[in-house]
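Here is what each chain is made of, one letter per residue.
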Amino acid sequence: ARTLTPQTAETDAIRFLVGTQSLRYDNQIHIIDFDDENNIINKNVLLHQVGEIWHLSTSPADKGVLATCYNKISDNKVMTCAAVWRMPKELESGSHESPDDSSSNTQALELLCHLDNTAHGNMACVMWEPMGDGKRIISLADNNILLWDLQESSAKAVLSSSTALEGRGQLKFTSGRWSPHHNCTQIATANDTYVRGWDTRTMRQIYCIENAHGQLVRDLDFNPNKQYYLASCGDDCKVKFWDTRSVTEPVKSLEEHSHWVWSVRYNHSHDQLILSGSSDSRVILSNMVSISSEPFGHMVDDDELSDQEDHQQEEKSKEPLQDSVIATYEEHEDSVYAVEWSSADPWLFASLSYDGRLVINRVPRALKYHILL
């Protein structure tokens, strides 16, 4: 397995979706529901009969809708295509009891529409407009950025605008993210060692970070609470943080992994918490306080403090902020291709390795209370 996503529209139950990559069998999407009171994982399986799944993303507005990028063979060539699907009604909401015999209970996904990429090349990923009604998506296909409008309850995808990378050589996008800021008018893409920003209204490039990494850039993520801030990771084993208004140097760089870094994610609520997953089989949780939206903790009103507390508060605020690695998780025995925070619980995250192992972890309790208190 390579691809993992939280169910973005589900904010009550802790739910992740995993896509399989098998050459021999029908591929599947596993719906993973985590019952955090009893520490039990429930799983439902949906058949994805069109090919191995390279990328998964879920609608921010409709719990039942998701998109996949998958391989299919046509004219003896392998193409990566994309499609939008709906899961069965009874599986749309989280926290279902698993059937006793889940093997006999496999259901299929309902195809809503294909994102037709015959003219544009192989699909790398599909991104939903983060704050939208689930009707606008962007797909990256080889060197093309394609903006689609989903119509008639997502049964039809109309290409509304597109642009392409110009230049020498075989230019291909590896990944991209849609920014939740600026009224959702910006996306960032990765290709080769470049990170580029685009305006979705004009489809023009607005910034370019050349040689963002020494080797291929694998993944990107926007800080959800601090506009202009972007994280990237790549094959130079580094995670870097950028201010897109000044792209000559990264604001910070993390060099804790010993192999390619495949995935980086900001915590949605507490943006000092950063997850990264790598082919060194490790997941690293870092605390990047100095570049977070609350670098000095919660601001306390002076009037509420007594003199003694006031004095202690001053002492405390003089301490320099330390960015640090909070924890390194070594439960995986294979390359970790994906890390994701839960949409429902900000202290919970999942990681997925190539051997199909999914691990769910919590932020250490001491740190959680340190952040909250």
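So, how was this worked out
Residues numbered from 1 in each chain as written. Predicted model: local features only at pLDDT ≥ 70, side-chain atom pairs only at ≥ 80, totals over all residues. Heavy atoms only, no water. UniProt positions renumbered as here; feature names shortened; annotations may be inferred. Helix = DSSP H or I, 4+ residues; strand = E, 2+ residues; numbered from the N terminus. Buried < 20%, exposed > 50% of the residue type's maximum accessible area, 1.4 Å probe, protein only. Contact = heavy atoms within 4.5 Å. Areas by Shrake-Rupley, 256 points an atom, 1.4 Å probe, with all protein chains shown as cover. Core = buried A, V, L, I, M, F, W, Y, C linked by side-chain atoms within 4.5 Å. Phe/Tyr/Trp six-rings, centres within 6.5 Å; stacked < 30°, edge-to-face > 60°. Lys NZ or Arg CZ within 6 Å of the ring centre and 35° of its normal. Salt bridge = Lys/Arg side-chain N within 4 Å of Asp/Glu carboxyl O. Patch = residues over 30% accessible without salt bridge, like charges linked within 9 Å, V, L, I, M, F, W, Y side chains within 5 Å. Pairing = 2+ DSSP bridges. Axes fitted to C-alpha atoms, helices over the stretch in contact; angles between N-to-C directions.

An unreviewed UniProt entry lists the protein chain under the name EIPR1 protein, with Nothocercus julius as the source organism. Comment text from UniProt for the protein chain, heading Sequence similarities (unreviewed entry), reads "Belongs to the WD repeat EIPR1 family."

A. Looking closely at the overall build of the protein chain. Summing up its helical and strand segments, the protein chain has two helices and 28 strands in all. Sorting the 373 residues of the protein chain into buried and exposed places 52% on the buried side. Partitioning the intrachain contacts of the protein chain with sequence separation of at least 6 by distance along the chain shows that 51% fall at a separation of at least 24. When the accessible surface of the protein chain is summed, it comes to about 17600 Å², and 44% of that surface belongs to carbon and sulfur atoms.

B. A look at the nonpolar core. Within the largest apolar cluster, 17 residues are counted, with the highest numbers of intra-cluster contacts made by V84, L115, M123 and I137. Those elements that provide at least two residues to this core are strand 6 (65–74), strand 7 (77–86), strand 9 (110–115), strand 10 (123–128), strand 11 (136–141) and strand 12 (144–151). Residues in contact with M123, not counting those within four places in the same chain, are C69, T80, C81, A82, L115, N117, S139, L140, A141, L146 and W148. With 15 residues, the next largest nonpolar core counts L17, L56, M79 and A83 among its residues.

C. Fine view of the packing of aromatic side chains. Applying the stated criterion to the full structure yields six aromatic pairs. Measuring from centroid to centroid gives 5.3 Å for Y329 and F349, while their planes differ by 70°, and the two rings are edge-to-face. Here Y329 is found in strand 25 (residues 324–329), whereas its partner F349 is found in strand 27 (residues 348–353), with 20 residues between them in sequence. Looking at Y329, the relative accessible area reads 11%, which means it is buried. Each ring, one from W341 and one from F349, has its centre 5.4 Å from the other, and the planes form 70°; the classification is edge-to-face. When sorted by exposure, W341 lands in the same class as F349, which is buried. Put simply, the rings of W260, W262, Y337 and Y354 touch in pairs and so form one group of aromatic residues. Directly above the aromatic system of Y194 lies the positively charged group of R196, at a separation of 4.7 Å from the ring centroid. Cation over ring: R218 sits above W262, and NZ or CZ is 3.9 Å from the ring centre.

D. Geometry of the pattern of salt bridges. Overall, the coordinates contain 16 salt bridges when judged by the stated rule. The salt bridge partner of D221 is R177, with a shortest N-O separation of 3.1 Å. With D221 in strand 18 (residues 217–222) and R177 in strand 14 (residues 173–178), this residue pair connects regions lying 44 residues apart in the sequence. You can call R177 partly exposed: its relative accessible area is 26%. Here the salt bridges do not stand alone but share partners, grouping D62, R86, K89 and E92 into one network.

E. Broad picture of the environment of P346. Relative to the helices and strands, P346 resides in the loop between strand 26 (336–341) and strand 27. Every residue in contact with P346, bar those within four places of it in the chain, is listed here: N267, S269, H270 and W341.

F. A look at a nonpolar patch on the surface. A surface patch of nonpolar side chains, amounting to about 340 Å² of accessible area, comprises Y369, L372 and L373. Positionally, L372 belongs in helix 2 (residues 365–372). Using a relative accessible area of 40% as the deciding quantity, one classes L372 as partly exposed.

G. Here's a closer look at the pairing of strand 6. Burial analysis of strand 6 places seven of its ten residues in the buried class, the great majority of the element. Direction of pairing for strand 5 (residues 53–58) relative to strand 6: antiparallel, over a ladder of five bridges. Residue pairing for strand 6: H55 is matched across the bridge by C69. A loop of six residues connects strand 5 with strand 6, the two strands running antiparallel in sequence.

H. Here's a closer look at the sheet that holds strand 1 (residues 3–6). Taken in spatial order, the five strands line up as 1-2-3-4-8 in an open sheet, and their pairing is mixed. Since the sheet does not close on itself, it has two edges, and those belong to strand 1 and strand 8 (107–108), each with one partner. Inspection of the sheet shows strand 2 (residues 14–19) paired to strand 3 (residues 27–35) by six bridges, in the antiparallel sense. Residue pairing in the sheet places V18 in a bridge with H30 of strand 3.

I. Expanded view of the sheet that holds strand 14. Spatially, 14-15-16-17 is the arrangement adopted by the four strands of the open sheet, whose pairing is antiparallel. At either margin of the open sheet sits one strand with a lone partner, and together these are strand 14 and strand 17 (204–209). Direction aside, the axes of adjacent strands within the sheet are offset by 25° on average. Inspection of the sheet shows strand 14 paired to strand 15 (residues 186–191) by five bridges, in the antiparallel sense. Paired with R177 across the two strands is A188, which belongs to strand 15.

J. Layout of unusual backbone geometry. The phi torsion at E152 lies on the positive side, around 45°, for a residue other than glycine. With respect to the helices and strands, the residue E152 is situated in the loop between strand 12 and strand 13 (156–164). Phi angles above zero are rare outside glycine, and S281 is one such case at about 70°. Here S281 is to be found in the loop between strand 23 (273–278) and strand 24 (283–287). Residue classification places S281 among the buried positions, given a relative accessible area of 16%.

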